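The chain contents come next:
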Amino acid sequence: MNILMALSQLEVTGAEVYGVTLSNELIKRGNNVTIVSDTLTKKFDGEYIKIEFNKRGLFQRINQVISLLKIIKEKDIQVVHAHSRASSWSCEIACKIAKIPLITTTHGRQPVHLSRKIFKAFGRETITVCENIKKHLINELGVDKNKIKVLRNPIDTSYYPFVYSDLKKDNKIVSIIGRLSGPKGEVAYKVLETLENVSNISIQVIGGKEIPEKFNKFLNKSNIKFLGYVNDIPEKIKNSDLVIGAGRVGVEAILSGKPLIAIGEAQYIGLVSPDNLIPALESNFGDINFENKNIFHWDNLLEDIEKGFLLSKSELLDLGENIQTEFDLNIIVEKIENIYARNYVLTKKYEIPVIMYHRVIRDKSEGGVHGIYVTESQFEKHLKYLKQKGFETITFKDLLNNKYKDRFNRGKKQIILTFDDGYTDNYNYAFPLLKKYGFKCVIYLLSHLNYNKWDVEVKENPEHKFELMDMSMIKEMEEYGIEFGGHTKTHPKLATLPIEIAQEEILTSKKVLEEKLGHALISFAYPYGNLNEDVKKIVKNSGYNFAVATDSGDISFSEDLFQIRRIGIFSTNNFFTFKRKVSGKYNFIKIKREKKEKRHI
């Protein structure tokens, strides 16, 4: 996807670290990211464009919106992600004009005043870095709880290897990390006041471009050093024996195996332990209360530091494991990518159509009982329409290496045609027409059957016998560009089987087909669209890259690549219905109808 990341800041902030970390990972995953901000200090792998969001006059706001619209048009931006109040205001207007989604991340408490309640500027969805922000937005600003998702700061935990310190040594290094301005500066000042005369610790203060005048009283203290702004925070943490800080600093400290005294702008959490980890996470390690009040317990600081020095290696390791699960970069970025795609789809009311056929027959005399066919003339009419409308047929091979993220790019009009079961009529009738129109498709094969045994050998409403393709047909089609995928051994309802048998159906089928074809299979189709989480896990672990269902699956293609929703084409569908089904908008109507039907059950 093409993403515009918007920040507003005059010095380095946690939001910048968040935004740049997220952006660099998104680029690694195949997305294009541009950052707009007043300043940018962190190393960024994409393009940075200066927009001074902190200038908030009316004409300056208008110019910001104009600049944003120009960037959105030139770079074909599909989603904007804003990380501050100042930037989200202008981005909200630009996104409404451009008709693309705005996503915001709310990093802290927001001002509560009438204009903010009227013009919320939180976009289609807002991500909060902790639970207290979510409560604050709901209770004080009236933001819809369904439009808020809690996702913590994404952190590449590999940068913070566990380094256990000898906490029994005489002189210990305590690092206070954070800005020296604003509320964080007040916290740092109070910490220094409390600790300045403690004899067995050396204090290093990290953060702030300049030292405010009020801190001058500490400059001559032999046990206090002001290091200012540094780029190698992980290294400074590694060389510390205990860290005092909040927000991202707290996470980095725990991951690095350091005792943490969590004190933020709003709350004194104290020494973080398994007993208070939940409130620590909910408040982003003391930075945010859901109520607009501060809670500090300065009398506990010295005692908490002494307790911190007594924490064992195993206790610190346990804390680190818990934090790693909560803040894992890959997990969080993948969830954010899905938020982008889903909101783009919902805004545009369009998603790449994935179409499901079964059989193509000469005429209805060959149709059988179940009606899972279209005639040769119907199929040609379908392909002719797709050609006239400029559709490009793609296969799942075309979507490997994150290429599915390009499906919204300007000029793209893609469609995936799939066929289940591999009937010989796919070769006899569908294949010549696909070649005629220069189209491709994906066909899902049974590895252990040569006819439709699953439909024929049933007591109720048995189907006629229809042959499945042999390997010579399959090889010829594959040489042209038709892609083949797995569909089990014998076409069972996988979710109804004991897990061992379901696994045998999936894995053996894949192995046999890959041996015959001489290469790995890319995608799998669940017979009948029948699946559950255990079945899905087997498919994912077997080495498939994608899996398609039928009527289940999200409206967004990329929400779950192992439960991709398909749209079935059957003999009863007239040409008007076909055009609706390939429009890219059909699932919006269908899912809405399904939800309505469920409410009436």
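Notes on the structure in this doc start here. (Residues numbered from 1 in each chain as written. Predicted model: local features only at pLDDT ≥ 70, side-chain atom pairs only at ≥ 80, totals over all residues. Heavy atoms only, no water.)

1. A look at the sheet that holds strand β3 (residues 47-50)
Here comes step 1: One open sheet accounts for 7 strands, arranged β3-β2-β1-β4-β5-β6-β7; its pairing is parallel. Of all strands in the sheet, those with a lone pairing partner are β3 and β7 (148-150), marking the two edges. Averaged over all neighbouring strand pairs, the angle between strand axes comes to 20°, with direction disregarded.
Here comes step 2: Taken strand by strand, helix α12 (residues 329-348) contacts β1 (2-6), β4 (79-82), β5 (102-106), β6 (125-128) and β7, and its axis lies near 170° from that of β6. (Pairing = 2+ DSSP bridges. Helix = DSSP H or I, 4+ residues; strand = E, 2+ residues; numbered from the N terminus. Axes fitted to C-alpha atoms, helices over the stretch in contact; angles between N-to-C directions. Contact = heavy atoms within 4.5 Å.)

2. Things to note about unusual backbone geometry
Here comes step 1: A positive phi angle is found at N284, which is not glycine, with a value near 55°.
Here comes step 2: Turning to its location among the elements, N284 is positioned in the loop between α9 (277-282) and α10 (301-309).
Here comes step 3: The class for N284 is buried, based on a relative accessible area of 7%.
Here comes step 4: One non-glycine residue, Y528, lies in the positive phi region at around 65°.
Here comes step 5: Tracing the backbone shows Y528 in the loop between β21 (523-525) and α18 (533-541).
Here comes step 6: What makes Y528 partly exposed here is its relative accessible area of 38%. (Buried < 20%, exposed > 50% of the residue type's maximum accessible area, 1.4 Å probe, protein only.)

3. So, the packing of helix α13 (residues 376-388) against helix α14 (residues 424-437)
Here comes step 1: Packing of α13 against α14 leaves a shortest axis separation of 10 Å and a crossing angle of 25°. With respect to α14, the axis of α13 lies roughly parallel. Once α13 is placed against α14, the crossing between them reads as right-handed. Here α13 contributes E376, F379, E380, L383, K384 and K387 to the contact with α14, which in turn contributes Y429, A430, L433, L434, K436 and Y437.
Here comes step 2: Of the residues in the contact of α13 with α14, the class split is 7 nonpolar, no polar and 5 charged. (Parallel < 35°, antiparallel > 145°, perpendicular 65-115°, else oblique. Left-handed = near helix turned anticlockwise from the far one by under 90°. Nonpolar A, V, L, I, M, F, W, Y, C, P; charged D, E, K, R; others polar.)

4. Section: the sheet that holds strand β12 (residues 260-263)
Here comes step 1: With respect to topology, 6 strands assemble into an open sheet ordered β10-β9-β8-β11-β12-β13, the strand pairing being mixed. At either end of the open sheet lies a strand with only one pairing partner, and these are β10 (224-228) and β13 (268-271). Each adjacent strand pair in this sheet contributes to an overall mean axis angle of 15°, direction not counted.
Here comes step 2: Of the strand pairs in this sheet, strand β8 (residues 172-177) and strand β9 (residues 201-206) are connected by 6 bridges, and their pairing is parallel. Bridging across to β9, I176 finds its partner in V205.
Here comes step 3: Helix-sheet contacts for helix α6 (residues 182-195) involve β8, β9, β10, β11 (242-245) and β12, and the interaxial angle to β9 is about 165°.
Here comes step 4: Along the sheet, α10 contacts β8, β9, β11, β12 and β13; its crossing angle with β13, the most-contacted strand, is approximately 35°.

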